[in-house]
Amino acid sequence: GAGVSQSPSNKVTEKGKDVELRCDPISGHTALYWYRQRLGQGLEFLIYFQGNSAPDKSGLPSDRFSAERTGESVSTLTIQRTQQEDSAVYLCASSRGQGAFGGYTFGSGTRLTVV
Amino acid sequence: GENVEQHPSTLSVQEGDSAVIKCTYSDSASNYFPWYKQELGKRPQLIIDIRSNVGEKKDQRIAVTLNKTAKHFSLHITETQPEDSAVYFCAASNGNQFYFGTGTSLTVIP
């Protein structure tokens, strides 16, 4: 597609429920990243996918967080047993990937509210 | 790994004045340095970038400078306007992972 697409744009969930967030990167972008941004805060790295390489999961805050990516397309970020501190905007970004310049293109994010 | 530090965290300037935001990085392998602007409630968007083989790059009212020896790079905005008010993030990349600074909240006072 023309841009990075994320869904849903907003999600309200009850504490303890699982949520799944979706990211559809720009076609041809081999690298995909997930970030978390709490209100008024910076960009907190979560996970990075590059082609068929093993993902860099070093930013995932706990084992309740996991992410998958099918080939070089859609990625899903799953948060199990959600807690109130998970409330944030989850941003996905893609880029042309390894060795390529041009920066990220961000999606519009999913605003998650855990009540 | 790379460590990117960004200063100041907040910056207020009068309309028409210049604004400068500075970042330092630690990994000498970093060779690409983009800057992102995030308006309130919106996604970060790339506004300017610089590669390590260039010392300065300008695009109208914004410019970025890079000092590879000192491992620092800066964003310069001249003739600031109220619409420049936003959070600005610097980043450093070695072609793989991107490492972001913590952001600078810029307010341009009319």
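Placed above this text is the structure.
Everything quoted here is computed from the prediction, not taken from an experiment.

Asker: Run through the overall build of chain A, naming residues and quoting values.
Answerer: Summing up its helical and strand segments, chain A has zero helices and 10 strands in all. Each helix and strand of chain A, ordered N terminal to C terminal, gives the series β-β-β-β-β-β-β-β-β-β. For 115 residues, the compact-globule estimate of 2.2 N^0.38 gives 13 Å, and the C-alpha radius of gyration of chain A, at 13 Å, lies within 12% of that figure. By sequence separation, contacts in chain A at least 24 residues apart represent 55% of the contacts at least 6 residues apart.

Asker: Tell me what's going on with the interface of chain B and chain A, and back it up with residues and numbers.
Answerer: Between chain B and chain A, the contact holds 16 residues from the first and 23 residues from the second. Taken together, the residues that form the side of chain B that touches chain A break down as seven nonpolar, six polar and three charged.

Asker: Kindly report on the sheet that holds strand β1 (residues 5-7) of chain A, identifying the contributing residues and their values.
Answerer: All names here are of chain A. Strand order in the open sheet formed by four strands is β1-β3-β7-β6, with antiparallel pairing between adjacent strands. Unpaired on one side and paired on the other, β1 and β6 (65-69) mark the two borders of the sheet. On average, each strand axis in the sheet is tilted by 15 degrees relative to the strand beside it, whichever way the strands run. Bridge count between β1 and strand β3 (residues 19-24): three bridges; the pairing is antiparallel. Along β3, the bridge assignment pairs S5 with D24.

Asker: Describe in detail the state of the cysteines, supporting the description with residues and values.
Answerer: All told, the structure shown has two disulfides over all chains when counted by the stated rule. Paired by a disulfide, A:C23 and A:C92 hold their sulfur atoms 1.8 Å apart. When the S-S torsion is -65 degrees, as for the bridge of A:C23 with A:C92, the disulfide is left-handed. On the criterion of sequence distance, the pair formed by A:C23 in strand β3 and A:C92 in strand β8 (residues 88-95) is long-range, its members being 69 residues apart. When its relative accessible area of 0% is taken as the criterion, A:C23 is described as buried. Looking at A:C92, the relative accessible area reads 0%, which means it is buried. In this model B:C23 forms its disulfide with B:C90; the gap between the sulfur atoms is 2.0 Å. One disulfide, between B:C23 and B:C90, carries an S-S torsion of -100 degrees and so falls in the left-handed class. Here B:C23 is found in strand β3 (residues 19-24), whereas its partner B:C90 is found in strand β9 (residues 86-93), with 67 residues between them in sequence. Overall, the relative accessible area of 0% leaves B:C23 in the buried class. In this structure B:C90 comes out as buried when scored by relative accessible area, which is 0%.

The rules we used
- Residues numbered from 1 in each chain as written.
- Chains lettered and ligands numbered in written order.
- Predicted model: local features only at pLDDT ≥ 70, side-chain atom pairs only at ≥ 80, totals over all residues.
- Heavy atoms only, no water.
- Helix = DSSP H or I, 4+ residues; strand = E, 2+ residues; numbered from the N terminus.
- Rg over C-alpha atoms; globule rule 2.2 N^0.38 Å.
- Contact = heavy atoms within 4.5 Å.
- Nonpolar A, V, L, I, M, F, W, Y, C, P; charged D, E, K, R; others polar.
- Pairing = 2+ DSSP bridges.
- Axes fitted to C-alpha atoms, helices over the stretch in contact; angles between N-to-C directions.
- Disulfide = S-S within 2.5 Å.
- Buried < 20%, exposed > 50% of the residue type's maximum accessible area, 1.4 Å probe, protein only.

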